[in-house]
2 protein chains.
Amino acid sequence: MKDVTIVGSGLIGSLLAIYLAKRGYKVEVFERNQDLRKVPSKRGKSINITLCDRGLKALDAAGLGDIVRQISVPVYGRLIHREDRQLEHQPYGNNQEALYSVSRNQLNKTLLDYAEKNFPIDFHFNEECIGLDLSSTTITFKNSRSGSILHRKTNRIIGADGAYSAVRQRLQQRSRFDYSQHYAAHANKELSIPASAKGAWTREKNVLHIWPRGQHMLISFPNIDGSITCTLHLPFEGEFSFDAIKTEQDLKHMFVTMFPDAMQEMPDLVQDYFANPCIPMVTVRCSPWTFQDKVALIGDAAHAMWPSYGQGANSGFEDCAFFDQCVEKYGDNWLATFREYEEQRRPNAEAMGMLSEQHFIEIRDLVGNPEFQLRKKIERKLNRMYPTRYIPLYSLIAFTHIPYADALRIEQQQRLIVDELIQIKGIAEKIDDLEIEIRIHQLMRCRDIELQNSAPKLLQSVK
Amino acid sequence: MKDVTIVGSGLIGSLLAIYLAKRGYKVEVFERNQDLRKVPSKRGKSINITLCDRGLKALDAAGLGDIVRQISVPVYGRLIHREDRQLEHQPYGNNQEALYSVSRNQLNKTLLDYAEKNFPIDFHFNEECIGLDLSSTTITFKNSRSGSILHRKTNRIIGADGAYSAVRQRLQQRSRFDYSQHYAAHANKELSIPASAKGAWTREKNVLHIWPRGQHMLISFPNIDGSITCTLHLPFEGEFSFDAIKTEQDLKHMFVTMFPDAMQEMPDLVQDYFANPCIPMVTVRCSPWTFQDKVALIGDAAHAMWPSYGQGANSGFEDCAFFDQCVEKYGDNWLATFREYEEQRRPNAEAMGMLSEQHFIEIRDLVGNPEFQLRKKIERKLNRMYPTRYIPLYSLIAFTHIPYADALRIEQQQRLIVDELIQIKGIAEKIDDLEIEIRIHQLMRCRDIELQNSAPKLLQSVK
């Protein structure tokens, strides 16, 4: 009764293993890849994570929060590198709100070490899930080194095996499994800036540097060792695309044209670019996430999302924490745990999947856009006037624990207020005038009445 | 260069084989099932097709239209069996528009016979597609009888292998393949009424009989031999559901409660119900439909839709006819053929997939609903006043050749007119008054101006 088999030892599988081991379950984890602690850090698959309060809270509950904070660099906002070479600071909030930038590999290693050191969790590496018999809850693995096949009969299987989940593929073969995968026309590639970088802008560590260039974008994430991990966003097709860049010359031409200052700090640019994989962005939606009291999906396996909002790992960690609350509540009644977990988490994952797709367009096309700037300015004003009652969407997602689906509903109301204010002529200049503040008070009252009528529970979140 | 491999010998695969053989291509067709002409008609998988002008036009172009008309029964409307035992005629249009009811098996046999008799097409049955190597265009089949494996290297593969397409599954494994499958909470089961049925209502052959009962529904389709094929729609779960009906008693209780008159004509009800499979309803959307000039999907393999609108086979036949036009236009330039085929047909399939989901709710919940009736009445009036310019959505889909996506756009404009008219007090009684007709003329003028501004091409379709 007390055994649980987790497929995947990535961020989510590792954290879930810790939670369940803490509750006294006998946890086995099977991972298709090598133990990443035993191989030289694979370049290009470690694109940085930006942890927010949601993820950190889940790590705190498992006893890991402070360990992770020590390997993270707080970033307090975006620093936009405009095409005209001007720099533009965009703080995340009025109150020193921060995200925590951390290398995915390093975070995963930390989780694995912590799990092995503190709990009797069995990790099996190089074991690829190649079959799952739902009627007998028997899962089959193939060892990628020996080729040997392992059939494991178990009571409970949790698929934490990522966007391309093998466990989900088995569930998908059942009838009545709703599923969708949606790719962006863009992908990412990891590049790097060494700790020895000497450029003026590289000294500004506690921000995410962003070079928005319409369809193209470069983002940099600081690491604790002083190095910087960069993500290059390009379309698959067209001029300056992954398809089009075939030679060193093509690559350099693109960087000189679009990211000349960044390029100066990238001695390994050519090598990184041609060695590192191109990582597509996929949104996965599926339903149901669970099969009886036997199988459940979690993290990217249940709801992969585009990385644009930085919520992939955070939402997966939140899944784990919520799952653990259900286990606490229902004990060995796994049917009840699975049901509540899915009922509560799926709508949130769906909301966040949609927001991530929207936000991708926003950061790509609009970060340098004057209307976007003006909207942000108005939102900061609203937030200053109502620090706890008007929280911009980005902050609702990154700096609160309000469920994603509720954040989306609140935003729909808030957007109407900004829509109204932005139409006032000269709003940028007179944003602090009394006349405007009175209008803001009126609009906020209307919103509260609206929320009171339509969703009184939401009003509690923002009052 | 001239060879084409088609996977699936169902309705769409067979028709496409005929089209391509007519153009001089060497066509091979592989089918996972037995040759359905050589086995006693499998009950329960032959739910009737209602062919409309779209499907018949495509059959006409292949030389098969009249042959198929001879095995079909024209139906001119719906006959609603209300819960209060009243009957209610709902003609499809003002002008004797008809659908053609035909057994899927019989239609498929007719297509296969015609193909084999007139063209040197090679049909291989019992061959299941188990692999597809895109780089070498090699497709692998396993014979379900001998177990032998066949690797076929070919130039061109067309997957016409239905909603659960094996060809599509291979495409799906590539990166950047957008895919979704969405199931209804309801499914269908085939039932039958023998030709010897003597009930009063069974003599009314040239209609679809419908017993709408909220979440439950029975529909009957006439066959040329005098028998009637019925489709029972039930939810999977709940009272009177596929899950709940476990015994003969459960079944009879449901029929006595909901469909007592139909039940009297069903001597094989119990046997049919427990022998026939429960057929889920799934919408499949995917993109791209094609891979280079090598692989394409067609029919349900590309765009399965809920059967509620009766457009599954019709849209697949339309795919074939359009595909053939592209082949005519581009000759052996398959890249151009594939590109135009996908560009034109995919938006139409998406529109029809959405409309089928909407219509399912309409026929299920609203056929017996007074507002729905009133809307239909207003639409018939509009259509009488403007026979070629106001065509209700159902007629746009079933009785014109306007592309589905355009039909959807036209409907969005037309709905506004009905929305306006239905608010006029007493509209039902005074629908033929001069005052109303003047209002209708005004509203139609507004619509035309709107279409003129937004989509002048569409205006041509309805002028």
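Residues numbered from 1 in each chain as written. Chains lettered and ligands numbered in written order. Predicted model: local features only at pLDDT ≥ 70, side-chain atom pairs only at ≥ 80, totals over all residues. Heavy atoms only, no water.

The subject of this paragraph is the overall build of chain A. From N to C terminus, chain A includes 16 helices and 19 strands. For 463 residues, the compact-globule estimate of 2.2 N^0.38 gives 23 Å, and the C-alpha radius of gyration of chain A, at 23 Å, lies within 12% of that figure. Burial status across chain A gives 59% buried among its 463 residues. Taking contacts inside chain A between residues at least 6 apart in sequence as the whole, the part at least 24 apart equals 69%. A total accessible area of about 19,700 Å² is found for chain A, and carbon and sulfur atoms account for 49% of it. Both charge centroids of chain A, one from 58 positive and one from 58 negative side chains, sit 2 Å from each other. (Helix = DSSP H or I, 4+ residues; strand = E, 2+ residues; numbered from the N terminus. Rg over C-alpha atoms; globule rule 2.2 N^0.38 Å. Buried < 20%, exposed > 50% of the residue type's maximum accessible area, 1.4 Å probe, protein only. Contact = heavy atoms within 4.5 Å. Areas by Shrake-Rupley, 256 points an atom, 1.4 Å probe, with all protein chains shown as cover. Lys, Arg positive; Asp, Glu negative; His and termini not counted. Charge placed at Lys NZ, Arg CZ, Asp CG, Glu CD.)

This next bit is on the pattern of salt bridges. Pairs may arise between side chains of opposite charge once their charged atoms sit close together. Scanning the model with the defined rule gives 68 salt bridges over all chains in all. As a salt-bridge pair, Arg-176 of chain A and Glu-237 of chain B come within 3.6 Å of each other at their nearest N and O atoms. Note that Arg-176 of chain A is positioned in the loop between α5 (166-172) and β13 (178-193) and Glu-237 of chain B in the loop between β16 (228-235) and α6 (248-258), a pairing that runs across two chains. Measuring nitrogen to oxygen at the nearest pair gives 1.9 Å for the salt bridge that ties Arg-389 of chain B to Asp-448 of chain B. Highlighted residues: Arg-389 of chain B in the loop between α12 (370-385) and α13 (393-399) and Asp-448 of chain B in helix α15 (residues 434-454), separated in sequence by 59 residues. The class for Asp-448 of chain B is buried, based on a relative accessible area of 10%. A network of salt bridges, in which partner residues are shared, links Asp-35, Arg-37, Lys-38, Asp-113 and Glu-116 of chain A. (Salt bridge = Lys/Arg side-chain N within 4 Å of Asp/Glu carboxyl O.)

To continue, consider the nonpolar core. By size, the foremost hydrophobic cluster in this structure holds 150 residues, and its most contacted members are Leu-20 of chain A together with Leu-20 of chain B. If sequence neighbours within four positions are ignored, Leu-20 of chain A has contacts with Val-4, Ile-6, Tyr-25, Val-27, Ile-158, Phe-323, Val-327 and Trp-334 of chain A. (Core = buried A, V, L, I, M, F, W, Y, C linked by side-chain atoms within 4.5 Å.)

All names here are of chain A. Domain boundaries in chain A define domain 1 (3-43 + 52-63 + 103-181 + 281-361) and domain 2 (369-462). Look at where the C-alpha atoms of domain 1 and domain 2 centre, and you get two points 36 Å apart. Taken together, the contact between domain 1 and domain 2 spans 17 residues of the former and 13 residues of the latter. For the pair domain 1 and domain 2, the two sides together bury roughly 1,300 Å², of which 63% comes from carbon and sulfur. When the buried surface of domain 1 facing domain 2 is broken down by residue, Arg-54, Tyr-309 and Asn-348 rank first, second and third, together holding 42% of it. (Domains from an automatic or database assignment. Buried area = accessible area lost by both parts, 1.4 Å probe.)

Attention now moves to the interface of chain B and chain A. Each side of the interface is counted separately: chain B has 13 residues, and chain A has 13 residues. Carbon and sulfur atoms supply 39% of the area that chain B and chain A bury against each other, a total of about 1,300 Å² over both sides. At the boundary of chain B and chain A, one finds eight residue pairs in polar contact (both at pLDDT 80 or more). A total of six residues in the side of chain B that touches chain A trace back to one element, the largest contributor, which is strand β13 (residues 178-193) of chain B. (Polar contact = N/O pair within 3.5 Å; in protein donor to acceptor, adjacent residues only side chain to side chain.)

What follows concerns the packing of aromatic side chains. Counted under the stated rule, the structure contains 39 aromatic pairs over all chains. Where Tyr-273 of chain A meets Phe-274 of chain A, the ring centres are 5.0 Å apart and the plane angle is 75°; that geometry is what we call edge-to-face. For Tyr-273 of chain A, a relative accessible area of 4% translates into the label buried. The ring centre of Tyr-273 of chain A lies 4.5 Å from the NZ or CZ of Lys-189 of chain A, which sits over that ring. Lying over the aromatic face of Tyr-394 of chain B, Arg-78 of chain B brings its terminal NZ or CZ to 5.0 Å of the ring centre. (Phe/Tyr/Trp six-rings, centres within 6.5 Å; stacked < 30°, edge-to-face > 60°. Lys NZ or Arg CZ within 6 Å of the ring centre and 35° of its normal.)

Once that is clear, we can look at the relation of the copies chain B and chain A. For the match of chain B to chain A, the screw axis carries a shift of 0.2 Å, the RMSD comes to 0.1 Å, and the turn is 180°. Accordingly, the operation relating the two chain copies is best matched by a two-fold axis. It is Ser-180 of chain B whose C-alpha, among those of chain B, lies nearest the rotation axis, at 1.9 Å. In this assembly, 100% of the residues forming the interface of chain B have copies in chain A that are likewise at the interface, indicating an isologous arrangement. (Least-squares fit on C-alpha atoms with pLDDT ≥ 70 in both.)

All names here are of chain A. Geometrically, the link from Ser-287 to Pro-288 is a cis peptide bond, its omega value of 0° lying close to zero. You will see that Thr-137, though not glycine, has its phi angle at about 50°, which is positive. Assignment of secondary structure puts Thr-137 in the loop between β9 (127-133) and β10 (138-143).

With that out of the way, let us pick up the sheet that holds strand β10 (residues 138-143) of chain B. All names here are of chain B. Strand order across the open sheet formed by three strands is β9-β10-β11, with antiparallel pairing between neighbours. The sheet is open, and its two edges are formed by β9 (127-133) and β11 (149-153), each paired on a single side. Taking the axes of each pair of neighbouring strands and ignoring which way they run, one obtains an average angle of 25° across the sheet. In the sheet, β10 pairs with β11 via five bridges, with the strands oriented antiparallel. Within the sheet, the bridge partner assigned to Lys-142 lies in β11 and is Ile-149. (Pairing = 2+ DSSP bridges. Axes fitted to C-alpha atoms, helices over the stretch in contact; angles between N-to-C directions.)

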